[in-house]
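Now for the letters of each chain:
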Amino acid sequence: MVKRIIKYFLSILFTPIYILISFVPQKKGLILFGAWNGKIYSDNPKNIFEYGLAQDEIKYKLYWVTESFDIYENLTKNKKPVLLKGTFKCAYFQLIADAIIFTHSTDWEFNSYFIRKKTKRIQTWHGVPLKRIGKDDHRVKENQVISTLKKILFPYFEERIDLALACGPEDAARYQTAFGIDSKLIKITGYARNDALNRISRNSNDAKIKKVIYMPTFRGEPYEECSLTSDYSLDITRLDQSLRAIDVQLDIKLHPVKPLCTTDKNTINECTNINLINNTHNLYDTLAVYDALITDFSGVYVDYMITGRPIILFALDLEGYNRKDRKLYYDINDISVTTPCYTWEDVLIKLDGLKNDRTNEEKIRYAKVKKMFHKHNDFSSSSRAWCEIKKLINGN
């Protein structure tokens, strides 16, 4: 509470400066990209950024914005334009930018104090929402009068969206209500991050299940340490023994803002068939190497459908998640490609059963749910996204 009061007090002092710097000329064609609070080089912005660079169009200048010195050094080494948050150069480039592209919000990926009202804002989001987000989230409640006052007193905190890029008609509809934007501002381009997944997944026939990945959704508070044992009801040692018995290797990747506790890390290090992947690792370039996915209410559930490979929808503590975290947009049975699992015992039975071919009914069900979320079934989403961004910048 004290930090918030200090923040708004300093913001009031900054308002006259914000008005003055708004007269600094913008740089036409200067586009800044950011993702995951500047901590990770990944997701839809990363794929659009790399696609845009590859086009080598002189009229556009593209830069990645990060607060990670490791990412800054790595991109510099690979000769990709990058700006380090907190530097004068980065602040200036944000001030003159023609457009910014992000996964969450202006304030999370950039410094709102330096983002002009005229700067075009492009929301790529970070996963097709199965759980409620933004204004649809029952936890997000703000008095309309307070909201209006904030816009007047602190114009730099405005979370406006000039273009939102969607995967399909389902998330496009969700963005209208969650972000409070007109449908005309939403373009269904497909998720740029899925292009690599699509390329690798041309052959999606069933094969022997050997390598599986478990990717649970975000629960609790950002950057709050979690435990697989207590938060996900997992007996790690017992699971390892069961996986060994059916000859399956399991990789676990937690949500990017959920670090795992040391006790669980040590237990996993002693396992033979369970491996922990760095949760900040950009997995989308290699996600298709897995034979099957286990997840709950994460957007990766929708992404992985592109491969046509088996997905185990693990609805762990669904009632508790709806109550303590977020409610879902869907009835879990309406979006599951197979019968959902509710315990780790269910998951193991389902995992062992994947060695059998899917029935025609299961294949039809899979195709129906996939079509529900994906409009495009190719690897041209980055191209479509880049075209829509250029249209916005050029006023077309």
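Just above sits the structure.
Residues numbered from 1 in each chain as written. Predicted model: local features only at pLDDT ≥ 70, side-chain atom pairs only at ≥ 80, totals over all residues. Heavy atoms only, no water.

Q: What is the right way to look at empty space enclosed by the protein in this model?
A: Here the idea is plain: a probe the size of a water molecule rolls over the atoms and shows the empty space left. Counted according to the given criterion, the structure contains one cavity of 30 Å³ or more. A volume near 40 Å³ is recorded for the largest cavity. Every residue along the wall of the largest cavity is listed here: Cys167, Gly190, Tyr191, Asn194, Asn198, Ile306, His374, His376, Asp378, Ser381 and Arg384. Looking at the lining of the largest cavity residue by residue, the class counts come to three nonpolar, six polar and two charged. (1 Å grid on protein atoms, 1.4 Å probe; cavity = no way out; pocket = protein on both sides within 12 Å on 5 of 7 lines; lining within 4 Å. Points joined across faces, edges and corners; volume = space filled by probe spheres on them. Nonpolar A, V, L, I, M, F, W, Y, C, P; charged D, E, K, R; others polar.)

Q: What should I look at first to understand the sheet that holds strand β10 (residues 274–276) in this one?
A: The strands making up a sheet associate through hydrogen bonds between their backbones, and the pairing can be parallel or antiparallel. Read across the open sheet, the five strands follow the order β10-β9-β8-β11-β12; overall the sheet is parallel. Each end of this open sheet is capped by a strand with a single partner; those strands are β10 and β12 (311–313). Taking each pair of neighbouring strands and ignoring which way they run, the sheet shows an average axis angle of 20°. When strand β8 (residues 211–215) meets strand β11 (residues 292–295), the two strands line up parallel, connected through four bridges. Across the sheet, the residue bridging to Tyr214 is Ile294, located in β11. (Pairing = 2+ DSSP bridges. Helix = DSSP H or I, 4+ residues; strand = E, 2+ residues; numbered from the N terminus. Axes fitted to C-alpha atoms, helices over the stretch in contact; angles between N-to-C directions.)

Q: Explain the sheet that holds strand β5 (residues 120–123) to me, please; I cannot follow it from the model alone.
A: The seven strands lie next to each other as β3-β2-β1-β4-β5-β6-β7, forming an open sheet whose pairing is parallel. Each edge of the sheet is formed by a strand with only one pairing partner; in this case those strands are β3 (82–84) and β7 (186–188). Taken pair by pair, the neighbouring strands of this sheet meet at an average axis angle of 25°, ignoring direction. Of the pairings in the sheet, the one linking strand β2 (residues 61–66) to β3 comprises three bridges and is parallel in character. Its bridge partner being in β3, Val65 is matched across the sheet by Leu83. Of the strands in this sheet, β1 (30–33), β2, β4 (99–102) and β6 (163–166) touch helix α2 (residues 43–55), which is tilted by about 150° from β2. (Contact = heavy atoms within 4.5 Å.)

Q: What should I look at first to understand the pairing of β1 in this one?
A: Residues of β1 alternate between two faces, with Leu30 and Leu32 on one and Ile31 and Phe33 on the opposite face, all of them buried. The pairing of β1 with β2 spans four bridges and is classified as parallel. Paired with Leu32 across the strands is Tyr63, a residue of β2. As for the winding sense of the linkage, the β-α-β connection from β1 through α2 to β2 is right-handed. Across three bridges, β1 lies against β4 in parallel orientation. Counterpart to Ile31 in the pairing with β4 is Ala99. (Buried < 20%, exposed > 50% of the residue type's maximum accessible area, 1.4 Å probe, protein only. Right-handed = clockwise from strand over helix to strand, strands pointing away.)

Q: Would you take a moment to explain the environment of Ile311 for this structure?
A: Within the secondary structure layout, Ile311 lies in strand β12. Linking Ile311 and Leu293, residues 18 residues apart in sequence, is a C-alpha distance of 4.8 Å. When residues no more than four places from it in sequence are discounted, the contact partners of Ile311 are Leu293, Tyr301, Tyr304, Met305, Val337, Thr338 and Tyr366.

Q: Honestly, unusual backbone geometry in this entry has me stumped. Any pointers?
A: Excluding glycine, residues mostly carry a negative phi; peptide bonds, for their part, are mostly trans. In this structure, Asp43 is a non-glycine residue whose phi angle is positive, near 70°. Although it is not a glycine, Tyr223 sits at a positive phi angle of roughly 65°. Counting through the fold element by element, Tyr223 comes out in the loop between β8 and α9 (228–231).

Q: Would you take a moment to explain the packing of aromatic side chains for this structure?
A: The geometry of an aromatic ring pair is captured by the separation of the ring centres together with the interplanar angle, meaning the angle of the planes. The full count for this structure, using the stated rule, is 15 aromatic pairs. Between Phe297 and Tyr321, the ring centres sit 4.9 Å apart and the planes meet at 40°, which makes this aromatic pair tilted. Of this pair, Phe297 sits in the loop between β11 and α12 (300–304) while Tyr321 sits in helix α13 (residues 318–325), placing them 24 residues apart in sequence. Taken together, Phe33, Tyr41, Phe49 and Trp64 form an aromatic cluster joined through their ring pairs. (Phe/Tyr/Trp six-rings, centres within 6.5 Å; stacked < 30°, edge-to-face > 60°.)

Q: What should I look at first to understand the nonpolar core in this one?
A: Across soluble globular proteins, nonpolar side chains have a tendency to be buried as a group. One finds Leu287 and Phe373 to be the most contacted residues of the largest nonpolar core, which totals 45 residues. Taken together, the elements giving at least two residues each to this core come down to β6, α7 (169–179), β8, α12, β12, α14 (332–335) and α16 (360–373). Other than its neighbours up to four places away in sequence, Phe373 contacts Val128, Leu130, Cys167, Gly168, Glu170, Val302, Met305, Tyr330 and Ile335. (Core = buried A, V, L, I, M, F, W, Y, C linked by side-chain atoms within 4.5 Å.)

Q: Looking at this model, I keep getting lost on the pairing of strand β9 (residues 249–252). Mind explaining?
A: Every other side chain in a regular strand lies on the same face of the sheet, so the side chains alternate between the two faces. As paired elements, β8 and β9 share four bridges and run parallel to each other. Of the residues in β9, the one forming a bridge with Ile213 is Asp251. Taken together, the three bridges between β9 and β10 define a ladder with parallel strand orientation. Its bridge partner being in β10, Leu250 is matched across the sheet by Ile274. Assessed by its sense of winding, the connection that carries the chain from β9 through helix α11 (residues 262–269) to β10 is right-handed.

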